[in-house]
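Residue-level structure breakdown
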Amino acid sequence: GLFDEVKDITDFYLVDYAAAYKSMTVTEALLGPVMAQGNGDWVKLSDLRADLSVRAYFQNNLRTPVWNNREFEDFFEGHYEQWEFDKKRA
């Protein structure tokens, strides 16, 4: 046949989105909402904290309430190579 189970290699596989969502990092969880809300501009922490996907990530994956502003500040400042954070605009 066309498929040889011994010699052929699959270069992709299907993953249940719910399973992929569980292994998502905080950065990955925040990236979509930041891009959608900011549209290339600054995003207020209150808007980020209110975002339904961010809330769902914290509740379902981290099993904790959404971080307060100080915790988000610490996160962004600690990941300065990935995020540009300005406390005055937060």
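It should be emphasised that the depicted structure is a prediction, and the values quoted were computed from it without experimental measurement.

All right, on to the environment of Ala-29 then. Relative to the helices and strands, Ala-29 is located in helix 2 (residues 26–38). Here Ala-29 falls in the buried class, since its relative accessible area comes to 8%. The spacing of Ala-29 and Ser-53 is 24 residues in sequence and 7.7 Å in space, taken between C-alpha atoms. Not counting the four nearest positions on each side in its chain, Ala-29 is found in contact with Met-24, Val-54 and Tyr-57.

As a further point, take the nonpolar core. Formed by 16 residues in total, the largest nonpolar core has its most connected members in Leu-30, Leu-48, Val-54, Phe-58, Phe-72, Phe-75 and Phe-76. Looking at this core, the elements that each hand over two or more residues are helix 2, helix 3 (45–50), helix 4 (52–62) and helix 5 (69–78). With 4 residues, helix 2 is the single largest residue contributor to this core. When sequence neighbours within four positions are dropped, the list of residues in contact with Phe-58 reads Arg-63, Thr-64, Pro-65, Val-66, Trp-67 and Phe-72.

Turning to helix 5, its buried residues number three or more, namely Phe-72, Glu-73, Phe-75 and Phe-76. The arc enclosing the buried residues of helix 5, seen along the axis, measures out at 165°, which places them on a common side. A distance of 3.0 Å separates the backbone nitrogen of Arg-70 from a side-chain oxygen at the start of helix 5, and that oxygen is part of Asn-68.

Moving on: the packing of aromatic side chains. According to the stated counting rule, one finds 9 aromatic pairs in the structure shown. Their ring planes at 20° and their centres at 6.0 Å tell us that Phe-72 and Phe-76 sit as a pair that is stacked. Of this pair, Phe-72 and Phe-76 both sit in helix 5, 4 residues apart, which is roughly one turn of the helix. Summarising the burial analysis for this pair, Phe-72 and Phe-76 share the class buried. With a centroid separation of 5.5 Å and an interplanar angle of 70°, the aromatic rings of Phe-75 and Phe-76 are classed as edge-to-face. Considered together, Phe-75 and Phe-76 belong to a single accessibility category, that of buried residues. An aromatic cluster is defined as three or more aromatic residues linked by ring pairs; in this entry it consists of Tyr-57, Phe-58, Trp-67, Phe-72, Phe-75, Phe-76, Trp-83 and Phe-85.

Thresholds applied
Residues numbered from 1 in each chain as written. Predicted model: local features only at pLDDT ≥ 70, side-chain atom pairs only at ≥ 80, totals over all residues. Heavy atoms only, no water. Helix = DSSP H or I, 4+ residues; strand = E, 2+ residues; numbered from the N terminus. Buried < 20%, exposed > 50% of the residue type's maximum accessible area, 1.4 Å probe, protein only. Contact = heavy atoms within 4.5 Å. Core = buried A, V, L, I, M, F, W, Y, C linked by side-chain atoms within 4.5 Å. Arc of directions from axis to C-beta. Polar contact = N/O pair within 3.5 Å; in protein donor to acceptor, adjacent residues only side chain to side chain. Phe/Tyr/Trp six-rings, centres within 6.5 Å; stacked < 30°, edge-to-face > 60°.

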